[in-house]
Amino acid sequence: MNNRESEVSGEFTLSGISGSPGICIGKAYLVDREGVDVIERYFVGQHETESEVSRFKSAVKNARDELSAIIADVPEELRENTYILETHLLLHKDKMLYDRTIDIIRKDQVNAEWALKKATARAVLMFKKISDPYLGARAADIEHVSDRVMRQLVGIGEVNISGIDKRVILVATHLTPAETSQIQLNRIMGFITDRGGKTSHTSIIARSLDIPSVLGLETATSMIKNDDLIIVDGNRGTVIVNPTEETLLRYTELRRRYVIRRADIVRSGDLPAESADGVVFPIMGNIELPEEVVGVRDNGGDGIGLFRTEFLYIGRNDFPGEEELYEKCRETVELMAPHPVTIRTLDINGDKEIQSMPTPNEVNPALGLRAIRFCLRKPGIFETQIRAILRAAAHGNARILLPMISGCEEITETMRIIDRAAEALEREGFDYRRDIEIGIMIEVPSAAILADAMADMVDFFSIGTNDLIQYTLAIDRGNPHVAHLFNPLHPAVIRLIRYVVDCARDKNKPTYICGEMAADPMNLPVLLGLGIDELSMAPQSIPEIKNKIRRLSVADTGRFMVEVLKKNTASDIQELIKNRFGDILYNDIYA
Amino acid sequence: MSEELKTDVIVSNPLGLHARPAAMIAKLAMKADGDIWLTMDDETVDASSIIDILSLACTNGARITLEAESKSDIEILRKIRSLFEKGFDE
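Residues numbered from 1 in each chain as written. Chains lettered and ligands numbered in written order. Predicted model: local features only at pLDDT ≥ 70, side-chain atom pairs only at ≥ 80, totals over all residues. Heavy atoms only, no water.

Draft legend 1. Just the overall build of chain A, in detail. Counting its regular elements, chain A contains 24 helices and 18 strands. The proportion of buried residues among the 591 residues of chain A is 57%. Of the contacts made within chain A by residues no fewer than 6 positions apart, 71% connect residues no fewer than 24 positions apart. Surface accessibility of chain A: about 23900 Å² in total, with carbon and sulfur atoms responsible for 49%. (Helix = DSSP H or I, 4+ residues; strand = E, 2+ residues; numbered from the N terminus. Buried < 20%, exposed > 50% of the residue type's maximum accessible area, 1.4 Å probe, protein only. Contact = heavy atoms within 4.5 Å. Areas by Shrake-Rupley, 256 points an atom, 1.4 Å probe, with all protein chains shown as cover.)

Draft legend 2. Region of the structure containing the pattern of salt bridges. Counted under the stated rule, the structure contains 33 salt bridges over all chains. Two residues, Glu563 of chain A and Arg580 of chain A, come together in a salt bridge whose shortest N-O distance is 3.4 Å. Of this pair, Glu563 of chain A sits in helix H23 (residues 554-564) while Arg580 of chain A sits in helix H24 (residues 570-585); the two residues are 17 residues apart in sequence, bridging distant segments of the chain. Taking the shortest distance from any N to any O, the salt bridge between Glu75 of chain B and Arg78 of chain B comes out at 2.7 Å. Placement of the pair is Glu75 of chain B and Arg78 of chain B together in helix H3 (residues 74-85), with a separation of three residues, close to one helical turn. On the basis of relative accessibility, which here comes to 40%, the residue Glu75 of chain B falls in the partly exposed class. On the basis of relative accessible area, Arg78 of chain B is assigned to the partly exposed category, the value being 47%. (Salt bridge = Lys/Arg side-chain N within 4 Å of Asp/Glu carboxyl O.)

Draft legend 3. Structural detail: the packing of aromatic side chains. Residues and elements named next belong to chain A. For the structure shown, the criterion picks out five aromatic pairs over all chains. Here the aromatic rings of Phe56 and Tyr98 are separated by 5.7 Å at their centres, their planes lie at 35 degrees, and the arrangement is tilted. One end of the pair, Phe56, is in helix H2 (residues 49-73); the other, Tyr98, is in helix H4 (residues 98-108), with 42 residues separating them in the sequence. Of the residues examined, Tyr98 reaches a relative accessible area of 11% and is grouped as buried. (Phe/Tyr/Trp six-rings, centres within 6.5 Å; stacked < 30°, edge-to-face > 60°.)

Draft legend 4. Examining helix H13 (residues 322-336) of chain A more closely. Over its 15 residues, H13 of chain A runs 21 Å from end to end, which matches the ideal 21 Å to within 8%, given 1.5 Å per residue. Within H13 of chain A, 13 of the 15 residues are buried, which leaves the element mostly enclosed by the surrounding structure. (Expected span 1.5 Å × (residues − 1).)

Draft legend 5. Representation of the environment of Gly305 of chain A within the structure. Residues and elements named next belong to chain A. Within the secondary structure, Gly305 sits in strand S12 (residues 304-308). Taking relative accessible area as the criterion, Gly305 reaches 5% and is therefore assigned buried. Remark: the alpha-carbon pair of Gly305 and Ser462, spanning 157 residues in sequence, is separated by 8.6 Å. Discounting residues that sit within four places of it in the chain, Gly305 has contacts with Met284, Gly285, Asn286, Thr342, Leu401, Cys514 and Ser536.

Draft legend 6. The arrangement of the interface of chain A and chain B in detail. Across the boundary between the two partners, chain A contributes 19 residues, which contact 20 residues of chain B. Overall, the association of chain A and chain B removes approximately 1800 Å² of surface from exposure, summing both partners, and the carbon and sulfur fraction of that is 77%. Inspection of the region where chain A meets chain B yields one salt bridge. Here chain A is connected to chain B by five residue pairs in polar contact (both at pLDDT 80 or more). Mapped by element, the contributors of at least two residues to the side of chain A that touches chain B are helix H3 (83-92), helix H5 (112-128), helix H6 (133-136) and helix H7 (139-154) of chain A. (Buried area = accessible area lost by both parts, 1.4 Å probe. Polar contact = N/O pair within 3.5 Å; in protein donor to acceptor, adjacent residues only side chain to side chain.)

Draft legend 7. Up close: the sheet that holds strand S3 (residues 23-30) of chain A. Residue and element names in this part refer to chain A. Strand order across the open sheet formed by eight strands is S1-S8-S7-S3-S4-S5-S6-S2, with mixed pairing between neighbours. In this open sheet, the two strands that pair with only one neighbour each are strand S1 (12-15) and strand S2 (17-20). Adjacent strand axes in the sheet meet at a mean angle of 30 degrees when their direction is disregarded. Bridge analysis of S1 against strand S8 (residues 238-241) gives four bridges, and the strand direction is antiparallel. Counted as the bridge partner of Phe12 is Val241 from S8. Across the sheet, helix H11 (residues 245-267) lies against S3, strand S7 (229-233) and S8, angled at about 120 degrees from S3, the strand it touches most. (Pairing = 2+ DSSP bridges. Axes fitted to C-alpha atoms, helices over the stretch in contact; angles between N-to-C directions.)

Here's what the structure looks like:
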């Protein structure tokens with residue numbers, strides 16, 4: 001950047017950590033923690049209301065067509081299980097949403113987005129009063145439908161720079177996962193925060209929403225004012241504030257290239273991830289809610305590699321009952337069948353507090369009573385979930401995944417609980433499956449070190465790279481002072497993963513990766529070279545990873561590992577990957 | 001209003017009137033000539049709107065009054081009634 005020019009325009013750049021890829025240009029909107037109204041309202045002239053109404057109608061039509069196509073893709077024998085989607089299809093034309101939005105456009109003479117937002121908010125508000133947790137949660141269905149239409153609405157004319165200031169970029173100190181999911185993120189262009197790192201849940205959600213974000217900027221909220229024009233470069237982890245005309249033009253072009261490149265990749269998402277030398281890798285999606293199955297299917301996912309069940313537990317005052325958990329698991333398993341759904345049992349931690357069971361004040365929750373430790377301490381809560389999963393397994397292809405295993409006795413104890421649950425289900429005459437695959441998360445170094453012993457006890461390993469890296473390198477990924485040291489390509493991490501894969505292979509057991517390490521193309525040569533059998537990631541990352549795998553040869557990466565293992569630092573390894581596979585993997589839009 | 005245009009039902013499926021049953025009701029009610037109403041306690045909603053039905057928050061065991069405005073909709077009313085009786089096949 002030219003200094004003199006920047007003095008005149010006031011352009012400056014902030015550097016942070018890339019939360020999710022993409023580029024957006026727009027006005028800054030500083031949020032307090034209350035949440036935000038991000039849809040701009042503008043008035044349309046009286047003679048324009050009808051064209052606004054037809055714009056809304058065609059958005060609804062497109063959204064319904066899109067959904068019908070998804071439903072049509074569901075195999076005949078599972079057709080009756082698509083009821084959630086069929087319900088959504090009906091909801092598009094529901095009076096309370098459809099007719100009301102049109103009424104509002106006509107009466108208030110406002111843009112369709114605002115009218116839809118208002119109608120949605122009114123409908124959702126009715127649900128806030130409902131005390132039954134399951135019925136109350138149906139507000140999500142309405143939001144889901146509204147979002148689908150909104151995407152159609154705002155997707156139009158996005159290339160035009162003058163239209164951009166209708167939408168905003170969020171600037172916040174910190175967004176927790178719950179807040180991130182509350183805020184209607186797909187109505188905004190992107191977001192940036194002072195805190196957080198690449199693998200925080202906030203960024204995982206941003207990636208699933210497919211919007212760019214930069215985290216860990218430290219000073220964003222103090223340096224940026226409301227309505228400042230900013231450019232978020234989620235690929236590089238930078239934010240440019242008050243850009244000069246020249247910078248603006250350059251980034252408009254970069255954004256155009258990025259969009260084209262991404263569209264290319266998404267188009268081939270349905271094809272299998274078959275490497276250049278003919279090895280096919282199942283590429284799975286990580287999800288938090290049954291509804292997200294749609295996103296996994298849309299992106300060509302081969303199953304669910306990680307269904308985080310915590311979201312069924314948070315934001316409520318009691319624990320969900322067996323029926324409710326069963327319903328949710330069944331929904332997911334049925335929608336994904338015959339592909340596998342890997343259901344991770346309850347993993348509560350400091351990031352995701354459950355209202356019905358406030359975490360005891362722990363100085364260091366990451367090392368505290370969480371996940372399997374919590375479940376074994378509360379066998380009643382655990383058994384309820386296990387029963388629900390075993391019952392859901394009767395409806396498709398489910399796997400159980402146990403989080404935070406750190407010793408063999410935890411597996412033994414869990415197997416006893418699973419046996420007990422199965423015996424009870426048998427006695428009570430329920431439909432269930434006991435022969436379900438049971439695996440463990442390898443995310444605590446002690447489990448990695450004991451992989452040889454544990455491989456005898458379970459059906460598969462799934463490496464949770466986020467935590468494994470955090471615990472191995474002793475780095476809190478949410479701490480901006482050390483987040484830059486969090487590196488999946490650290491030689492210690494690579495050696496640990498290698499040992500786990502080798503132990504599993506000795507016992508003929510597969511090893512999967514479900515951490516965000518799997519979503520970064522730069523890590524692929526190492527993961528393939530180590531012999532990982534299956535990768536799971538945020539649904540939006542699936543098409544790109546599939547695309548890159550098709551251009552790699554597994555035999556090649558295996559040989560490449562010999563060189564990697566000679567290197568002693570993460571930066572040397574990164575350099576090696578860049579030199580060897582840079583052409584294939586590197587983001588070439590900046591060329 | 002004649003008696004046959006009004007009937008009481010009990011929500012018998014365990015999860016109550018959630019999205020799927022609501023959709024099943026609305027689908028039928030949309031075909032009606034006149035309006036079909038669902039009443040629980042003093043609240044009345046439009047049976048052709050899933051959202052409206054959901055907003056009633058009928059849990060298992062709730063008593064609901066079904067009402068049709070047009071005589072030609074008696075058959076539809078009967079079908080909705082039988083959905084309730086079968087517990088929406090759940």
